[in-house]
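Chain by chain, the residues run as shown.
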Amino acid sequence: MQITLGELASQLGLKLIGDADQPVTGLNTLKDAQAGEVSFLANPSYQSQLSESRASAVIVSEDLADQVAGSALVAVNPYLSFAQASQLFNDRPKVTTGIHPTAVVAETATVAADASVAANAVIGEYCQIGAGSEIGAGAVIGDHCIIGDHCQINPNVTLYHNVVFGDRVTVHSGTVIGADGFGFAPDKGKWHKICQLGGVRIGSDVEIGSNVSIDRGALGDTVIEDDVIIDNLVQVAHNVRIGQGSALAGNAGIAGSTTIGKYCTIAGGVGISGHLDIADGVHIAAMSLISKSITEKGAYASGTAQMPMNEWRRSATRFRQLDSMAKRLQQLEKARKGEV
Amino acid sequence: MQITLGELASQLGLKLIGDADQPVTGLNTLKDAQAGEVSFLANPSYQSQLSESRASAVIVSEDLADQVAGSALVAVNPYLSFAQASQLFNDRPKVTTGIHPTAVVAETATVAADASVAANAVIGEYCQIGAGSEIGAGAVIGDHCIIGDHCQINPNVTLYHNVVFGDRVTVHSGTVIGADGFGFAPDKGKWHKICQLGGVRIGSDVEIGSNVSIDRGALGDTVIEDDVIIDNLVQVAHNVRIGQGSALAGNAGIAGSTTIGKYCTIAGGVGISGHLDIADGVHIAAMSLISKSITEKGAYASGTAQMPMNEWRRSATRFRQLDSMAKRLQQLEKARKGEV
Amino acid sequence: MQITLGELASQLGLKLIGDADQPVTGLNTLKDAQAGEVSFLANPSYQSQLSESRASAVIVSEDLADQVAGSALVAVNPYLSFAQASQLFNDRPKVTTGIHPTAVVAETATVAADASVAANAVIGEYCQIGAGSEIGAGAVIGDHCIIGDHCQINPNVTLYHNVVFGDRVTVHSGTVIGADGFGFAPDKGKWHKICQLGGVRIGSDVEIGSNVSIDRGALGDTVIEDDVIIDNLVQVAHNVRIGQGSALAGNAGIAGSTTIGKYCTIAGGVGISGHLDIADGVHIAAMSLISKSITEKGAYASGTAQMPMNEWRRSATRFRQLDSMAKRLQQLEKARKGEV
């Protein structure tokens with residue numbers, strides 16, 4: 001891939017300050033970029049690297065354009081323009097259209113002519129695979145699944161039956177969608193399984209990381225709305241609903257029947273208990289436990305901050321005494337007022 | 001699936017108050033149920049929905065039967081009866097008995113005549129697959145595994161060698177049982193691998209979620225006793241033993257050689273350190289860290305509760321000063337007593 | 001496997017105090033060992049079991065050799081010698097050299113003559129598989145991957161394109177290496193994907209557990225250096241670098257662009273935020289959140305210790321009042337000094 005800065009500016013709709021004929025071959029960080037590469041500045045904390053970067057051009061906001069050592073590609077939202085540039089330099093290997101001879105596709109399934117089904121993939125009865133969609137090697141699609149157009153299901157993904165995708169859904173390897181939710185009725189020391197009769201519905205423009213578990217609903221569906229992004233190793237329990245545009249970072253877990261609003265950001269390792277409602281626009285800090293519904297947008301956290309171990313031990317010991325400390329403090333306050 | 005309320009009551013062993021000839025076609029929540037559907041009330045907090053539900057019948061305890069708008073199916077344990085009803089309405093696609101032509105089954109393996117081995121599954125040497133058991137597409141069963149009767153091993157599950165299951169064990173996709181435990185002897189900056197010579201033994205009536213990791217023992221086996229249920233993305237390290245009837249929720253992790261007693265409930269995201277003993281009947285709250293053995297049944301927790309971020313920052317800062325605060329409090333108490 | 005104590009001592013380079021002709025057939029713990037088995041004492045807390053163990057021999061340090069009931073195998077580092085002994089008794093089934101007829105290997109891929117590619121494995125274009133390496137059943141290796149010598153890639157592992165391994169790398173089942181990092185530019189309620197243009201480089205003598213996710217770099221590579229060990233269900237985000245000899249325990253998660261130094265130990269369930277630098281020789285306690293860089297070696301923690309639920313509730317309530325408590329304490333101190 002080689003492109004001149006002029007062509008790049010044109011394709012990204014950016015103003016170029018510099019040499020339009022300069023060829024560039026890739027993207028890199030300000031720190032690591034070499035001549036012939038394009039970089040970007042989205043995070044102000046890297047601003048000091050602007051003048052020292054060897055990048056041939058930097059995607060930058062207008063107010064910082066004069067600080068760029070090489071050429072400047074002036075953007076309203078430099079990070080967005082960088083994302084668009086990354087699409088141009090994408091070197092992901094092309095997949096071969098059609099059904100690989102070792103794939104096992106049920107006779108009742110429908111696969112679009114320009115879709116691809118890779119080696120050893122298995123597609124169940126009555127499935128529909130949309131135009132331009134890819135089913136990776138070793139992926140297993142259960143019966144009655146509907147996959148929209150231009151979806152990318154990577155190798156060794158598993159979908160159970162009755163999972164429905166919109167368009168442009170990407171699912172990374174190892175992810176399991178539609179396994180049984182964790183529903184059991186206890187009786188006399190035994191757990192009696194509740195058959196999980198619902199399915200999973202996933203909107204359009206959704207990306208789901210690797211080794212994610214999204215369970216099918218018990219009654220009714222588990223729902224992931226449009227424009228949701230989910231990182232690796234995330235647990236989404238049965239009948240959860242995740243609102244449009246929300247993002248869940250790695251190792252997060254959402255327990256059953258909880259609803260996450262729109263445009264929420266759930267940081268890594270967060271746990272959210274079951275049967276809660278989280279309002280739109282809520283941000284949960286990393287590794288927080290949320291055990292009550294949140295009705296107002298804003299940022300929330302639990303836990304404590306990192307400390308050297310020896311100091312932490314002392315604080316942790318005192319945490320166990322906190323109630324007693326609070327009562328003794330009250331006692332002293334009363335004494336001061338002459339009440340005791 | 002269509003059944004009259006009279007037949008349903010008969011099959012579930014419940015008293016019907018209402019129209020025995022009314023046909024019903026499915027289950028749903030009190031809130032979402034339509035005419036022709038059956039619902040249930042197990043959680044008292046939904047009691048107010050009883051009178052408004054459009055369900056044709058509700059599975060309910062005797063004392064609330066007169067509050068049901070439609071027919072009532074009177075149950076001693078409504079949630080258990082609902083679980084039993086869910087089995088009747090189960091619409092999981094039937095699997096085809098026999099070995100799919102693309103499956104690779106070792107000549108020394110034994111597969112029961114009515115078992116099923118799906119497309120591209122691989123079964124190792126000397127394995128035994130019991131009556132009515134299912135091996136899903138792409139699942140890999142290592143050498144010398146014994147799978148009892150009526151087990152359900154879903155697609156893309158991996159079992160290493162020497163993994164033994166009882167009967168009626170369900171394992172969801174992406175789960176790995178019998179991989180090497182995390183055992184290494186450090187010496188001069190290198191980690192020297194300890195071969196994991198044990199296996200994994202899983203009892204009967206066990207359900208294991210998706211993307212779970214259960215490691216083989218280092219010496220002796222990792223053991224999951226009868227009637228245990230394990231949710232998604234749970235880590236069970238080498239030589240752990242999980243006692244009968246216990247439940248582990250999603251994202252929990254149990255470190256090596258720890259024993260969990262019988263009838264424990266380990267909530268989501270809990271971490272339990274290695275070489276501990278957890279007594280029978282212990283409940284651990286979500287995302288707690290357990291780093292010492294627990295000898296008495298009861299409920300345990302660690303961590304702090306959720307707060308708006310700005311308030312949390314202040315509390316977190318004070319947590320670091322807790323030991324100093326405690327000492328200053330003591331100083332004031334001494335001063336009051338005239339000791340200083 | 002049967003060996004005399006004399007041969008065992010010779011192969012491990014240990015001094016034998018006892019019967020050189022005694023045959024032994026396996027390893028076991030001090031507590032469970034039977035006659036004919038060898039045990040070891042590495043953890044001083046098990047010292048009291050030395051005199052009662054039925055083991056025919058115990059690998060032990062010189063100062064404790066006279067407390068062994070049976071024969072003693074005297075070692076400078078008993079745990080290391082036990083690790084070496086475990087290699088001798090390793091009973092992992094041998095894999096068959098060569099490419100299984102159901103494997104799908106691209107014509108442009110190179111597989112060493114003594115490597116093995118198991119049933120239904122898929123190997124992409126231009127891959128290189130080194131001498132003695134094993135590709136397990138159902139594993140999928142993307143295009144342009146380079147696997148060194150004597151690597152062990154277990155069943156149902158997935159590697160995306162451009163993943164490079166050194167020698168003697170073991171990867172357990174369900175693990176996904178090289179999936180896209182979680183990079184998106186937000187704009188007007190949409191997440192715009194940043195193509196992940198880097199790869200993954202993994203050194204030599206690395207072991208990676210089951211159901212681990214290691215993402216490819218956005219720009220430049222995600223890097224795991226030599227001698228790193230990673231347990232199950234660990235998340236390693238894009239452009240993370242993990243330094244030589246470090247160990248990450250189960251359920252840990254490292255966010256994007258963070259660098260972990262050499263010889264660090266990251267305990268189970270730890271979360272480390274993105275763009276941080278962790279110095280060499282740092283130990284992070286289980287389930288801690290690290291949200292700031294650590295510049296000094298040593299042990300660090302966050303969180304609180306376990307408590308019975310009722311006591312925990314009181315402490316957790318007081319935690320929310322901590323800032324107010326601190327201010328009231330200051331007020332009392334001022335009052336005592338006569339300042340108010």
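Residues numbered from 1 in each chain as written. Chains lettered and ligands numbered in written order. Predicted model: local features only at pLDDT ≥ 70, side-chain atom pairs only at ≥ 80, totals over all residues.

Colleague: Honestly, the overall build of chain A in this entry has me stumped. Any pointers?
Modeller: Along the backbone of chain A there are four helices and 40 strands. For 340 residues, the compact-globule estimate of 2.2 N^0.38 gives 20 Å, and the C-alpha radius of gyration of chain A, at 26 Å, exceeds that figure by more than 25%. Burial analysis of chain A (340 residues in total) assigns 60% to the buried set. Expressed as a percentage of contacts within chain A between residues at least 6 apart in sequence, the contacts between residues at least 24 apart total 19%. (Helix = DSSP H or I, 4+ residues; strand = E, 2+ residues; numbered from the N terminus. Rg over C-alpha atoms; globule rule 2.2 N^0.38 Å. Buried ≥ 20, exposed ≤ 12 C-beta atoms within 10 Å, placed from the backbone. Contact = placed C-beta atoms within 7 Å.)

Colleague: Help me understand the nonpolar core in this model?
Modeller: The nonpolar side chains of a soluble globular protein tend to be buried with one another. Counting residues in hydrophobic clusters, the biggest one holds 250 residues, and the most contacted among them are A:Ile266, B:Ile266, C:Ile123 and C:Ile266. Dropping the residues within four chain positions of it, C:Ile123 is found in contact with C:Val105, C:Ala106, C:Ala109, C:Val117, C:Ile129, C:Ile135 and C:Ile141. Formed by 35 residues, the second largest nonpolar core is a distinct cluster that contains A:Val38, A:Ala55, A:Tyr79 and A:Leu80. (Core = buried A, V, L, I, M, F, W, Y, C linked by C-beta atoms within 7 Å.)

Colleague: I keep staring at the sheet that holds strand β21 (residues 176–179) of chain B and nothing clicks. Help me out?
Modeller: Residue and element names in this part refer to chain B. Strand order in the open sheet formed by ten strands is β9-β12-β15-β18-β21-β26-β29-β32-β35-β38, with parallel pairing between adjacent strands. In this open sheet, the two strands that pair with only one neighbour each are β9 (104–105) and β38 (289–290). As paired strands, strand β32 (residues 253–254) and strand β35 (residues 271–272) are joined by two bridges and run parallel to one another. Residue pairing across strands places Ile254 opposite Ile272, the latter belonging to β35. (Pairing = 2+ DSSP bridges.)

Colleague: Sorry if this is basic, but what is going on with the environment of C:Thr170 here?
Modeller: Residues and elements named next belong to chain C. Topologically, Thr170 is positioned in strand β20 (residues 170–171). In the structure, Thr170 is positioned 17 residues away from Ile153 in sequence and 5.9 Å away in space, judged by C-alpha atoms. Thr170 has contacts with Gln152, Glu207 and Ile208, leaving out every residue within four places of it along the chain.

Colleague: Would you take a moment to explain the packing of helix α4 (residues 322–336) of chain A against helix α4 (residues 322–336) of chain B for this structure?
Modeller: Across the interface, α4(A) lies against α4(B) with an axial gap of 11 Å and an inter-helix angle of 35°. The two elements α4(A) and α4(B) cross, and the hand of that crossing is left-handed. Contact with α4(A), carried on its side by A:Met325, A:Arg328, A:Leu329, A:Leu332 and A:Ala335, involves B:Ala326, B:Leu329, B:Leu332, B:Glu333 and B:Arg336 of α4(B) and no other residues of that element. Here the contact of α4(A) with α4(B) is composed, by residue class, of seven nonpolar, no polar and three charged. (Axes fitted to C-alpha atoms, helices over the stretch in contact; angles between N-to-C directions. Left-handed = near helix turned anticlockwise from the far one by under 90°. Nonpolar A, V, L, I, M, F, W, Y, C, P; charged D, E, K, R; others polar.)

Colleague: Just checking my understanding: could you explain the interface of chain C and chain A for this structure?
Modeller: How big an interface is tends to be stated in terms of accessible area lost as the parts join. Counting residues at the interface gives 63 residues for chain C, matched by 64 residues for chain A. Of all the secondary-structure elements, those providing two or more residues to the side of chain C that touches chain A are β21 (176–179), β22 (184–187), β23 (190–193), β26 (213–215), β38 (289–290), β39 (298–301), α3 (309–320) and α4 (322–336) of chain C. Tallied by class, the residues present in the side of chain C that touches chain A amount to 29 nonpolar, 24 polar and ten charged. As paired strands, strand β40 (residues 307–308) of chain A and β39(C) are joined by two bridges and run antiparallel to one another. Bridge pairing in β39(C) places A:Pro308 opposite C:Tyr300.

Colleague: What is the right way to read the domain arrangement of chain A from this model?
Modeller: Here the domain parsing of chain A yields domain 1 (3–88), domain 2 (98–300) and domain 3 (310–340). Using C-alpha coordinates to define each centre, domain 1 of chain A is positioned 36 Å away from domain 2 of chain A. (Domains from an automatic or database assignment.)

Colleague: Is there a simple way to explain the packing of helix α1 (residues 5–12) of chain B against helix α2 (residues 78–88) of chain B in this structure?
Modeller: Pairs of packed helices are described in terms of their axes, by the angle between the two and the distance that separates them. Residues and elements named next belong to chain B. For the pair α1 and α2, the least separation of the axes is 10 Å and the interaxial angle reads 115°. Considering how the two elements wind past one another, α1 and α2 form a crossing that is right-handed. Contacts between α1 and α2 involve Leu8, Gln11 and Leu12 from the former and Ser81, Gln84, Ala85 and Leu88 from the latter. When grouped by side-chain class, the residues that make up the contact of α1 with α2 number four nonpolar, three polar and no charged.

Colleague: Explain the relation of the copies chain C and chain A here, please?
Modeller: You can overlay chain C on chain A at an RMSD of 0.0 Å; the transform is a turn of 120° with a shift of 0.0 Å along its axis. Here the symmetry operator amounts to a three-fold rotation axis. Closest to the rotation axis within chain C is the C-alpha of C:Gly303, separated from it by 3.2 Å. (Least-squares fit on C-alpha atoms with pLDDT ≥ 70 in both.)

Colleague: What's the story with α3(C) in this structure? I'm lost.
Modeller: Residues spaced three or four apart along an α-helix face the same direction, because each turn holds 3.6 residues. Relative to the 16 Å expected for twelve residues at 1.5 Å per residue, α3(C) spans 17 Å between its end C-alpha atoms, a close match to the ideal helical length. Where α3(C) is buried, its residues meet α3 (309–319) and α4 of chain A, β39 (298–301) and α3 (309–320) of chain B together with β40 (307–308) and α4 of chain C. (Expected span 1.5 Å × (residues − 1).)

Colleague: Would you explain α4(C) in this entry?
Modeller: The end-to-end C-alpha separation of α4(C) is 21 Å, in line with the 21 Å expected for 15 residues at 1.5 Å each. Among the residues of α4(C), C:Leu322, C:Met325, C:Ala326, C:Leu329 and C:Leu332 are the ones counted as buried. On an axial view of α4(C), the arc spanned by its buried residues comes to 120°, and they lie on one face. In α4(C), the exposed residues that point more than 90 degrees away from the buried face are C:Lys327 and C:Lys334. In the core, the buried residues of α4(C) are packed alongside α4 of chain A, α3 and α4 of chain B together with α3 of chain C. A positive phi of about 80° marks C:Gly338, the residue just after α4(C). (Arc of directions from axis to C-beta.)

Colleague: How should I be thinking about the interface of chain A and chain B in this particular structure?
Modeller: Of the residues lining the interface, 63 residues belong to chain A; the matching set on chain B comes to 65 residues. Elements supplying a minimum of two residues to the side of chain A that touches chain B: β21 (176–179), β22 (184–187), β23 (190–193), β26 (213–215), β38 (289–290), β39 (298–301), α3 and α4 of chain A. A per-element tally of the side of chain A that touches chain B places α4(A) first, with five residues. Taken together, the residues of the side of chain A that touches chain B break down into 29 nonpolar, 24 polar and ten charged.

Colleague: How should the sheet that holds strand β9 (residues 104–105) of chain C be read in this particular structure?
Modeller: Where strands meet in a sheet, backbone hydrogen bonds hold them as pairs that are either parallel or antiparallel. Residues and elements named next belong to chain C. Spatially, the ten strands line up as an open sheet ordered β9-β12-β15-β18-β21-β26-β29-β32-β35-β38, and their pairing is parallel. Across the chains shown, the open sheet's two edge strands, defined by having one partner strand only, are β9 and β38. Pairing between strand β29 (residues 235–236) and strand β32 (residues 253–254): two bridges, direction parallel. Directly across from Val236, in β32, lies its bridge partner Ile254.

Colleague: I'm lost on unusual backbone geometry in this one. Help?
Modeller: For residues besides glycine, phi is generally negative; the peptide bonds are generally trans as well. Positioned with a positive phi, A:His144 is a non-glycine residue whose angle comes to about 60°. You can see A:His144 is positioned in the loop between β15 (140–141) and β16 (146–147). A:His144 sits in the buried class, given 20 other C-beta atoms within 10 Å. You will see that B:Tyr126, though not glycine, has its phi angle at about 65°, which is positive. Within the fold, B:Tyr126 resides in the loop between β12 (122–123) and β13 (128–129).

Colleague: Please explain the pairing of strand β6 (residues 57–60) of chain B as it appears in this structure.
Modeller: One face of the sheet, then the other: side chains in a regular strand alternate in exactly this way. All names here are of chain B. Burial of β6 is two-sided: the residues Ala57 and Ile59 facing one way and the residues Val58 and Val60 facing the other way are all buried. With three bridges joining them, strand β5 (residues 37–40) and β6 adopt parallel strand pairing. Opposite Val38, over in β6, you have Ala57 as the bridge partner. Of the pairings in the sheet, the one linking β6 to strand β7 (residues 71–74) comprises four bridges and is parallel in character. Bridge pairing in β7 places Val60 opposite Val74.

Colleague: Just checking my understanding: could you explain the environment of C:Ser302 for this structure?
Modeller: With respect to the element layout, C:Ser302 can be found in the loop between β39 and β40. For the pair C:Ser302 and C:Gln331, spaced 29 residues apart in sequence, the C-alpha separation works out to 29 Å. Beyond its immediate sequence surroundings of up to four residues, C:Ser302 is in contact with A:Gly303, A:Thr304, A:Ala305, A:Gln306, A:Met307, C:Ser288 and C:Leu289.

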